[in-house]
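# An overview of the molecular structure
The residues making up each chain are set out below.
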Amino acid sequence: WQSVLGVDRVGVHDSFFELGGDSLRAVALVGALRDAGYEVTVRDVFDRRTVARLSELMGEARADVVDRRVQPFELLSEEDRRLLPLDVVDAYPLGQNQLGMVIEMLSDDSQNNYHNVSSYWIRDPKPFDRDAFAEAGRLVTARHEILRTSIELSAYSRPVQLVHAHAEMTNRVYDLTGLDRDAVRAELEAFTVLERADLFDITVPSLMRFHAHTTDHGGWWISVVECHPIMEGWSYHSLLMEFVTTYLALRDGREPERDETPTIRFADAIAAELAALDSEEDRAYWRELVGSHATLPLPSGWGEETAGAFDSYKAGFSWQDLESGLRALAAATDTSMKAVMFATHLKVMSQLTDEEAFHTGLVCDTRPEAVGADRVYGMYLNTLPFPYERGAATWGDLVRQVFEAEVRLWGHRRYPLPAVLREWGGTGRLMDVYFNYQDFRQLDTELVDAMSGMDDSPTEFPLTVASRAGHVILTANRRWISRENADRLAGMYRAVLE
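Parameters at a glance
- Residue positions within a chain follow its written sequence, with the count starting from 1.
- Local features in this predicted model are restricted to residues whose pLDDT is 70 or higher, and side-chain atom pairs enter the listing and the counts only when it is 80 or higher, whereas totals over whole chains, interfaces and linings include all residues.
- The side-chain values count all of the structure's non-hydrogen atoms but skip hydrogen atoms and water molecules.
- Strands are runs of DSSP state E lasting at least 2 residues, helices are runs of H or I lasting at least 4, and numbering of each runs from the N terminus.
- Put simply, the radius of gyration uses C-alpha atoms, and a globule should come to 2.2 Å times the residue count raised to 0.38.
- Residue burial is assigned from relative accessible area. The probe radius is 1.4 Å, only protein chains are included, and a residue is buried under 20% of its type maximum, exposed over 50%, and partly exposed in between.
- Areas reported here follow the Shrake-Rupley algorithm with a probe of radius 1.4 Å; residue values treat only the protein chains shown as occluding.
- Positive charges come from Lys and Arg, negative ones from Asp and Glu, while His and the chain ends are left out of the count.
- Charged side chains are reduced to one point each, which is NZ for Lys, CZ for Arg, CG for Asp and CD for Glu.
- Pairing between two strands requires that DSSP report at least two bridges joining them.
- For helices, the fitted line uses only the C-alpha atoms of the stretch in contact; every axis is such a line through C-alpha atoms, and the angle between N-to-C directions lies from 0 to 180 degrees.
- Angles are sorted into four bins: roughly parallel if under 35 degrees, roughly antiparallel if over 145, roughly perpendicular if 65 to 115, and oblique for all others.
- Here is the rule for handedness: rotate from the far helix to the near one, and if that takes an anticlockwise turn smaller than a right angle the crossing is left-handed, while a clockwise turn gives right-handed.
- Between two residues, a contact is recorded if the distance between any of their heavy atoms is within 4.5 Å.
- For this scheme, ten residues count as nonpolar: Ala, Val, Leu, Ile, Met, Phe, Trp, Tyr, Cys and Pro. Four count as charged, namely Asp, Glu, Lys and Arg, and the remainder, Gly too, count as polar.
- Aromatic rings from Phe, Tyr and Trp, taking only the six-membered ring of Trp, are treated as a pair when their centres fall within 6.5 Å; an angle between ring planes under 30 degrees marks them as stacked, one over 60 as edge-to-face, and anything in between as tilted.
- In this scheme, Lys NZ or Arg CZ marks a charge over a ring once it lies within 6 Å of the ring centre and within 35 degrees of the ring normal.
- The span one expects for a helix is its residue count, reduced by one, times 1.5 Å.
- In the analysis that follows, any N or O atom pair within 3.5 Å is treated as a polar contact, provided that within protein one partner can donate a hydrogen and the other can accept it, and provided that, for residues neighboring in sequence, both atoms belong to side chains.
- For the purposes of this section, nonpolar cores are sets of buried Ala, Val, Leu, Ile, Met, Phe, Trp, Tyr and Cys residues that join through side-chain atoms within 4.5 Å.

## Focus: the overall build of the chain
Looking only at helices and strands, one finds 16 helices and 14 strands in the chain. In terms of overall dimensions, the chain is globule-like: its C-alpha atoms have a radius of gyration of 23 Å, near the 23 Å expected for 498 residues. In terms of overall dimensions, the chain has C-alpha extents of about 60 × 60 × 50 Å along its principal axes. Every one of the 498 residues in the chain was classed for burial, and the buried ones make up 55%. When the accessible area of the chain is evaluated, it comes to approximately 21,900 Å², of which 47% is carbon and sulfur surface. The centroid of the 50 positive side-chain charges in the chain is displaced by 2 Å from the centroid of its 80 negative side-chain charges.

This is the structure we're talking about:
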């Protein structure tokens, strides 16, 4: 616990979440415990939350507790293996959520959902080094399978992803020296428009592009163009930090730091999804949930009739002035900050419907419960319907209710959303809104100024809500939610948090 949580002391009755735990740290803890011979799951950590209670569940360590890893090509049929190119070192099915994102990305070239462009200011007063920047791209691409992965939709018996022995990452440098800050930002905005229109050829890796924009303002901008179906937010921010620190080491003539390569791979996550699809228990859980909880459509008439089909608007606020009280609530209820923030979201959503029981989307992490899984890049997200039922008498009751529902859901989180949609069998959209709790603690904000950055990461969802870096951020499709109504919703979140 000390190692995973990075704390000096752990009392046997200290809450995992009060010590700074979250779902990714729970994954790391379970991986370490399994390596030590204990049979335990992340759900157990969520449910028990202390060393004492977890010890009661697990009993003695065993020498025969072994997590098996997927071998290269194991998840493909023999017929498909015979069709593989010679430069491919592994191949496995495309995850169902990955496939859904690819379809959304390719189906409307005026929107290009999940083709993301983000720019961040890098505080670095030293002269920029083009060669070091290009070499950083070569090194990180060689290190990570997902950066050497391509996607093939129709050449095999099912959509697959191919890991190549070698891939090239596109890196360009744009000279913006001599321009003032406003002019630099205008150039970045124009760059974003051009890059958003330039889709990747998904059959040719790497499906990431890193570009630099040099200035004479004491630093430079980095722009990351991402094919979102290959990578989620934790992987993305880890890669961003790895790329920048690798560049700085090369620029300064130092050997770049590199962690030992984990034995776990993204293929293991795909294997876990395939196992979930075969699980009658998972299927029954989601069939019951979507059958007993109503969908939550956004109110009609809240949009802007004059808005374009994909015009978006961001609303939000900081809750850092309320943080001490919110953390005290999490501690008093023996839950987590995620539960507090998600309970806030559900309370606001409950004002938009008369249903006694409904569901709204929660972004879940499907990363394998193994040592090093937090360092293996890939697309581990699964946005799933989360159940809400009225009846909580106090804020504490509401937070506990939400936390307990997440504990129940956790063991079923790998059953992919497209399969849930098939179980639902309804027409229209199962979810108009999703909530995403994000804690990208690996980002060095003294080096990377993420909050002043620019981001264009569209999805097909009319409304998304994120809790990130002490802020609540709402991204609204103006066809569904006008600027005025998005600001009203942001005010409702603030009122609940207060």
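Resuming the write-up.
## Notes on the sheet that holds strand β2 (residues 115-123)
Reading across the sheet, the five strands line up as β5-β6-β7-β2-β12 and stay open at both edges, with mixed pairing between neighbours. Here the strands that pair on one side only, and so sit at the sheet edges, are β5 (170-175) and β12 (448-456). Taken pair by pair, the neighbouring strands of this sheet meet at an average axis angle of 20 degrees, ignoring direction. Here β2 pairs with strand β7 (residues 219-227) via nine bridges, running antiparallel. Paired with Ser-118 across the bridge in β7 is Val-224.

## Description of the packing of helix α13 (residues 337-350) against helix α16 (residues 483-497)
Direction vectors running N to C along α13 and α16 enclose 125 degrees, while the axes themselves pass 9 Å from each other. The angle between α13 and α16 places the two elements in the oblique class. Note on packing geometry: the crossing formed by α13 with α16 is right-handed. On α16, the residues that touch Met-341, Thr-344, His-345, Lys-347, Val-348 and Met-349 of α13 are Leu-489, Met-492, Tyr-493, Val-496 and Leu-497. Residues that form the contact of α13 with α16 fall into these classes: eight nonpolar, two polar and one charged.

## Focus: the packing of aromatic side chains
Taken as a whole and judged by the stated rule, the model has 23 aromatic pairs. Judged by centre distance (5.4 Å) and plane angle (80 degrees), the rings of Phe-16 and Phe-17 are edge-to-face. Like Phe-16, the residue Phe-17 is buried in the burial classification. The interplanar angle of 65 degrees and the centroid separation of 6.2 Å between the aromatic rings of Tyr-92 and Phe-266 together place this pair among those described as edge-to-face. Of this pair, Tyr-92 sits in strand β1 (residues 88-93) while Phe-266 sits in helix α10 (residues 266-277), and the two are 174 residues apart along the sequence. The residues Tyr-92 and Phe-266 share a single accessibility class, namely buried. Each member of the aromatic cluster is reached from another via a ring pair, and the members are Trp-1, Phe-16, Phe-17, Phe-46, Phe-403 and Trp-410. The cationic tip of Arg-209 hangs over the ring face of Phe-200; the distance from NZ or CZ to the ring centre is 4.2 Å. Against the face of Trp-302 rests Arg-488, its NZ or CZ located 5.2 Å from the ring centre.

## Some remarks on helix α7 (residues 130-143)
Along an α-helix, residues three or four apart share an orientation, since each turn contains 3.6 residues. In this model α7 runs 20 Å from its N-terminal to its C-terminal C-alpha over 14 residues, within 8% of the 20 Å that 1.5 Å per residue would give. Looking at α7, one finds that the buried residues are Ala-132, Phe-133, Ala-136, Gly-137, Val-140, Thr-141 and Arg-143. Contact partners of the buried residues in α7: β5, β6 (208-214), β7 and α9 (233-251). For α7, the N-terminal cap is Asp-129; the gap from its side-chain oxygen to the backbone nitrogen of Asp-131 is 3.0 Å.

## Thoughts on the packing of α13 against helix α14 (residues 395-410)
Relative orientation of the contacting elements α13 and α14 amounts to 105 degrees, with a least axis distance of 9 Å. It follows from the interaxial angle that α13 and α14 lie roughly perpendicular. Together, Lys-338, Ala-339, Val-340, Phe-342, Ala-343, Leu-346 and Lys-347 of α13 and Trp-395, Leu-398, Val-399, Val-402, Phe-403 and Glu-406 of α14 make up the contact between the two elements. For the contact of α13 with α14, the per-class residue count stands at ten nonpolar, no polar and three charged.

## Considering the nonpolar core
Residues Phe-133, Met-208, Phe-210, Ile-222, Met-231, Leu-240 and Val-472 are the most contacted members of the largest nonpolar core, which totals 135 residues. Not counting residues within four places of it along the chain, the set of residues in contact with Met-231 comprises Ile-146, Leu-147, Met-208, Glu-226, Tyr-236, Leu-239, Tyr-377, Gly-378 and Met-379. Counting seven residues, the second-largest nonpolar core is a separate cluster that includes Leu-76, Ala-91, Tyr-156 and Leu-162.

## What to know about the sheet that holds strand β3 (residues 149-152)
Strand order across the open sheet formed by three strands is β1-β4-β3, with antiparallel pairing between neighbours. Only two strands of the sheet have a single partner each, and these edge strands are β1 and β3. Averaged over all neighbouring strand pairs, the angle between strand axes comes to 25 degrees, with direction disregarded. Pairing analysis gives four bridges linking β3 to strand β4 (residues 160-164), with the strands arranged antiparallel. Looking at β4, one finds that Thr-149 is bridged to Val-163. Lying over the sheet, α10 contacts β1 and β4, oriented at roughly 25 degrees with respect to β1.

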